Amino acid sequence: MSNNDIKVALIGNPNTGKTSLFNQLTGLNQKVGNYPGITVDKKQGICKLSATQNAVVTDLPGTYSINPTSLDESIVLKTLLKKDIKESPDVILVVADVENLKRNLLLFSQIKDLEVPTVLAINMVDQMAKKGISIDLSLLKKELNTEIVLISARKNEGIEQVKEAIIRCHVAAKASPLCGINHQIDPDYFTKLKEISTSYSLYELWLMVTQNSYPEAITTEEKKKLIAFKQDTSKLKKYQHKETIYRYQEINKILKKTYIVDKSKATDLRSKLDKVFTHKIFGYVFFVFLLLVIFQSVFDWASLPMDFIDSTFAQIADFAKSSLPEGVFTDLLTEGIIPGIGGVIIFIPQIAILFLFIAVLEETGYMSRVVFLMDKIMRRFGMNGKSVIPLISGTACAIPAIMATRTISSWKERLITILVTPFTTCSARLPVYAILIALIIPNTNVFGFLNLQGLVLLSLYGLGFFTAILAAYILHKTLDVKSKSFFVAEMPNYKLPSVKNVFYEVLEKTKSFVLEAGKIILALSIVLWFLASNGPSAYKNAEKNTIENVANKNITDAELQQKIASAKLENSYIGILGKTIEPVIKPLGYDWKIGIALITSFAAREVFVGTLATIYSVEADDEDTSTIKEKMASEVNPETGKKRFNFPVGMSLMVFYAFAMQCMATLAIVKRETKTWKWPLIQLFGMAFLAYVSALFTYQILN
Amino acid sequence: MRFKLNSLSTIASLHIGEVGYISEESLDNIPLKLLEMGCLPGAEVELVQVAPLKDPLYICVNGSHLAIRKETAAKIKILKS
């Protein structure tokens, strides 16, 4: 990125093909960063405009207006209001949908009044003939006083012209407002407003007043004067309404001359599909069916690549162990770092497949129908139709799911959604459930065709959803958070998903998951390794003592090595930690070894199996689950002389994992999204309490 | 076309497929966001579909297809032709 690059902000209504245009302009030259101070992902890409000129394109969240009602939309305002000089765009590229030009031009008219050079790209022009639309382009250019390009982003048509227009617009560097908002509403009021500062356009000043958002460079005096304008809030509201109506009047006047729709040509795929997808019975049936197909595919399709990743990492560790000289560094690498990275990578197939489905559902427009179907139900539980998307994504991973709540405009509904999302069964719980189910549930069929193990797994998913809903209801009734509940969702046209958009979406989401979660899991596995392979003096003497203890007994060398490893672990720091918490977890049916796994799982749930594997001195190799399974199956409770992992213990553990907030990465994201430690801490302790009590009851009743 | 102003007519009282015109007096009851999305006084509004649990409503106004909650719709008065 050089200083010479033109800074382009890409802005438009949702569902206008903004993302398609961004992908066409930048290709794979994309990166996701953070906006300074705020925590919403910023998508930027480099676009080669000409042989000598590059542009840095920022993809802003889709919005209907500059006046924000959700966190996503407030980014647009902040970027455009020059909150941060370095971020402020040289050229704004507005994308509009040809079919909905009137509404799209409202946003354009607001942008134009900021007096920044603006290019208008009218998208989906390949649909014009089909929809009976015709545009007088040269007249529209004149009326709107701007560069206009007709494009079809998905078909890669008009992209070069967009690039040329950006350069022309940047060179000309002239910008004039479209709607003089002052005369029509209250000339006196707006003239006075304009007098406050010459460095800003009237509309910018008006936005500062209405949105209470000020640029970095504003002086204290100017700010004081602007604040004085805010006193009469009912007047502000009235003027904002008037402004919007005035803008629409102007747009209507212009479109009357330049834009003709022959409605008889419109085809009606939308209403036919809507009849099916929003039908009162079939709509829900289809939705449930779709969810089943998604979950089925996530497990089926992912199992092969997951096995492959698993064995590959085991081989890498083996290879490193055999080819590197023995020592602390090799141990750290083969027992800490390599399994740590493997623990993250292994989730990629499941997460990518889930994101693939979600991206397709959003691209086709079906997700909006789900929002429509579910809003009333979700509202009873203090959430919003839009909460469905995070709750579904939560089955892959709570991190992207919590980020997906940003479109919910009511803070209370959004907060409740964030708080309950970790109850949904994420993919990290799967390895834990898988091994426990295999241990305690017989592999038989019930009613002749249902596999009992599968049924138990399904009920654990059900338990997660049910608890999420129940927790939401309790929060809804108890949380004292003031926030206006307002809901409006656009029902976009149905369309076929674009392969390119879906691909980029899956790539980007998966990448950010791997990086976010990866950092923590990796760091933790190193700490874990350190705590498990170091300890006070008893640890150092463990080897000697064990050899002395078994000196007269007849055991093989392998058995001896195993005993030494167990003794070492018991006396390592982590072993001491496990012993310390043993009294607390005993009523749940766990011993200190399980206790260690519980502690380490508070960083990430999937660590459970690996920790037990280390503890039972087996190679931490998931591919070979039979060994760890056998070890767990043969582990004996010394007090009863029976199996440690019996039915009550297994059930108690699964219930514990279903409820407990054992994921540092999620806690970090909740902190980021709620901007305080209060909510993640409430989540951590509330869920841990629930997990403990439920596991206690489960064990005590079953035992 | 003849307009009847019925004080009980709001977007929420439309039948599926029925069309009304948003009355000027409703202006203050329309949230800014809805105005911006094209839900303007004088505009033709059609009730396209009602969600299975009678809420939200799926309307078409000024070319925008929107889902809004019944409580919002009940505040927006309309004239029926």
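See above for the structure.
Every chain is numbered on its own, with residues counted from 1 as its sequence reads. Chains carry letters from A onward and ligands carry numbers from 1 onward, assigned in written order. The predicted origin of the model limits local features to residues at a pLDDT of at least 70 and limits the giving and counting of side-chain atom pairs to 80 or more, whereas totals for whole chains, interfaces and linings rest on all residues. Excluding hydrogens and water, the side-chain figures rest on all heavy atoms present in the structure.

What chain B contains, in helices and strands, is two helices and five strands. A helix here means a DSSP run of H or I that spans at least four residues, while a strand means a run of E at least two residues long, and both kinds are numbered starting from the N terminus. Across chain B, helices and strands are ordered from the amino to the carboxyl terminus as β-α-β-β-β-α-β. Residue exposure (1.4 Å probe, protein chains only): buried if accessible area is under 20% of the type maximum, exposed if over 50%, otherwise partly exposed. Here chain B holds 81 residues, and 56% of them are scored as buried. When checking whether two residues touch, look at their non-hydrogen atoms; a contact exists if any pair is within 4.5 Å. Here the contacts in chain B between residues at least 6 apart in sequence split such that 56% fall between residues at least 24 apart. Surface accessibility in these figures is a Shrake-Rupley result with a 1.4 Å probe; residues are shielded only by whichever protein chains are displayed. Carbon and sulfur atoms make up 52% of the accessible area of chain B, which amounts to about 3500 Å² in all.

Of the regular secondary structure elements, chain A holds 32 helices and 12 strands. Residues counted as buried form 54% of the 703 residues belonging to chain A. Considering only residue pairs separated by 6 or more positions, chain A has 73% of its internal contacts joining residues 24 or more positions apart. Charge counting follows a simple rule: Lys and Arg are positive, Asp and Glu are negative, and His as well as the terminal groups are ignored. Positions of charges follow a simple convention, taking NZ of Lys, CZ of Arg, CG of Asp or CD of Glu. Side chains of chain A give 78 positive and 65 negative charges; the mean places of these two sets differ by 8 Å.

Turning next to the sheet that holds strand β2 (residues 44–50) of chain B. Within the open sheet, the six strands sit side by side as β12(A)-β4(B)-β3(B)-β2(B)-β1(B)-β5(B). Their pairing is antiparallel. This sheet does not close on itself; its edge strands, each paired only once, are β12 (488–490) of chain A together with β5 (78–80) of chain B. Averaged over neighbouring strand pairs, the angle between their axes works out to 35° when direction is ignored. Of the strand pairs in this sheet, strand β1 (residues 19–22) of chain B and β2 of chain B are connected by three bridges, and their pairing is antiparallel. Within β2 of chain B, the position partnered with Gly 20 of chain B by the bridge is Val 45 of chain B. Paired strands, as defined in this entry, are two strands with at least two bridges between them according to DSSP. Axis definition: a line fitted to C-alpha atoms, over the contacting stretch in the case of helices. Angles run 0 to 180 degrees between N-to-C directions.

Looking at the element boundaries, Gln 662 of chain A is found in the loop between α30 (647–659) and α31 (664–674). Gln 662 of chain A sits in the buried class, given a relative accessible area of 0%.

Only one rule defines a salt bridge in this text: a Lys or Arg side-chain nitrogen within 4 Å of an Asp or Glu carboxyl oxygen. Considering all chains together, one arrives at 26 salt bridges over all chains under this definition. Here Asp 375 of chain A ties to Arg 69 of chain B by a salt bridge, and the two come within 2.9 Å at their closest N and O atoms. Residue Asp 375 of chain A is found in helix α16 (residues 366–380), and its partner Arg 69 of chain B is found in the loop between β4 (64–68) and α2 (70–73); the two belong to separate chains. Per residue, the accessibility class of Asp 375 of chain A equals that of Arg 69 of chain B, and both read buried. With a shortest N-O distance of 2.7 Å, Arg 414 of chain A and Glu 673 of chain A are connected by a salt bridge. Placement of the pair is Arg 414 of chain A in helix α19 (residues 411–420) and Glu 673 of chain A in helix α31, with a sequence separation of 259 residues. For Glu 673 of chain A, a relative accessible area of 3% gives the class buried. Each of Asp 375, Arg 379 and Glu 413 of chain A together with Asp 55 and Arg 69 of chain B takes part in a single network of salt bridges with overlapping partners.

Nonpolar side chains in soluble globular proteins generally cluster together in the buried interior. Within this scheme, the nonpolar core is defined by two criteria: the residues are buried Ala, Val, Leu, Ile, Met, Phe, Trp, Tyr or Cys, and they are joined through side-chain atoms within 4.5 Å. Residues Val 420, Tyr 590, Phe 645, Leu 653 and Phe 656 of chain A are the most contacted members of the largest nonpolar core, which totals 114 residues. In terms of residues, this core owes the most to one element, helix α13 (residues 282–323) of chain A, which gives 13 residues. One finds Val 116, Leu 193 and Tyr 214 of chain A together with Ile 76 of chain B within the second-largest nonpolar core, a separate group that totals 82 residues.

A separate point is the pairing of strand β1 (residues 6–12) of chain A. Residues and elements named next belong to chain A. Within β1, six of the seven residues are buried, which leaves the element mostly enclosed by the surrounding structure. For β1 and strand β4 (residues 54–59), the ladder comprises five bridges, and the chain directions are parallel. In the strand pairing of β4, Ala 9 is matched with Thr 58. Judged from the five bridges that link them, β1 and strand β5 (residues 91–97) form a sheet pairing that is parallel. Paired with Leu 10 across the two strands is Leu 93, which belongs to β5.

Attention now moves to unusual backbone geometry. The linkage connecting Asp 55 of chain B with the following residue, Pro 56 of chain B, adopts the cis geometry, with an omega of -5°. Of note, Pro 56 of chain B is situated in the loop between β2 and β3 (57–61). At Glu 115 of chain A, a position not held by glycine, the phi torsion is positive, near 60°. Within the secondary structure, Glu 115 of chain A sits in the loop between α3 (101–113) and β6 (118–123). Although it is not a glycine, Lys 54 of chain B adopts a positive phi angle of roughly 70°. Within the secondary structure layout, Lys 54 of chain B lies in the loop between β2 and β3.

Let us now look at a nonpolar patch on the surface. Residue and element names in this part refer to chain A. A cluster of nonpolar side chains, Val 276, Ile 281, Phe 282 and Val 285, forms an exposed patch at the surface whose accessible area comes to about 350 Å². The topology assignment puts Val 276 in helix α12 (residues 269–277). A residue is classified by how much of its surface remains accessible, and Val 276, at 33% relative accessible area, is partly exposed. Exposure above 30% relative accessible area and the absence of a salt bridge qualify a residue for a patch, where like charges join within 9 Å and nonpolar side chains (Val, Leu, Ile, Met, Phe, Trp, Tyr) within 5 Å.

All names here are of chain A. Here Gly 27 shows up in the loop between α1 (18–26) and β2 (30–34). We classify Gly 27 as buried; its relative accessible area is 17%. Gly 27 sits 416 residues away from Asn 443 along the chain, and the two C-alpha atoms are 49 Å apart. The contact partners of Gly 27, leaving out residues within four places of it in the chain, are Phe 22 and Tyr 504.

What follows deals with the environment of Trp 592 of chain A. Residue and element names in this part refer to chain A. Note on placement: Trp 592 falls in helix α27 (residues 592–601). Residues Trp 592 and Leu 470 lie 122 residues apart in sequence; the distance between their C-alpha atoms is 32 Å. Not counting residues within four places of it along the chain, the set of residues in contact with Trp 592 comprises Leu 569, Glu 570, Gly 575, Gly 578, Lys 579 and Glu 582.

Moving on: the interface of chain B and chain A. The interface is formed by 32 residues belonging to chain B together with 40 residues belonging to chain A. By buried area we mean the combined loss of accessible area, with a 1.4 Å probe, across both parts when two parts are placed together. Contact between chain B and chain A buries roughly 3200 Å² in total, counting both sides, with carbon and sulfur atoms accounting for 60%. Considering only the surface of chain B that becomes buried against chain A, Lys 33, Glu 36 and Arg 69 of chain B emerge as the three largest contributors, covering 24% of it. Taken together, the connections running from chain B to chain A amount to four salt bridges. Between Arg 379 of chain A and Asp 55 of chain B there is a salt bridge whose closest N-O contact spans 2.8 Å. Two N or O atoms count as a polar contact when they lie within 3.5 Å, although within protein this holds only if one can serve as hydrogen donor and the other as acceptor, and sequence-adjacent residues are included solely when both atoms are side-chain atoms. The interface formed by chain B and chain A contains 20 residue pairs in polar contact (both at pLDDT 80 or more). Within the residue set of the side of chain B that touches chain A, elements represented by two or more residues are α1 (32–36), β2, β3, β4 and α2 of chain B. In the side of chain B that touches chain A, the residues fall into 19 nonpolar, seven polar and six charged. As paired elements, β12 of chain A and β4 of chain B share three bridges and run antiparallel to each other. By the bridge assignment for β4 of chain B, Val 488 of chain A is matched with Ile 68 of chain B. Gly is placed with the polar residues, together with every amino acid not listed as nonpolar (Ala, Val, Leu, Ile, Met, Phe, Trp, Tyr, Cys and Pro) or charged (Asp, Glu, Lys and Arg).

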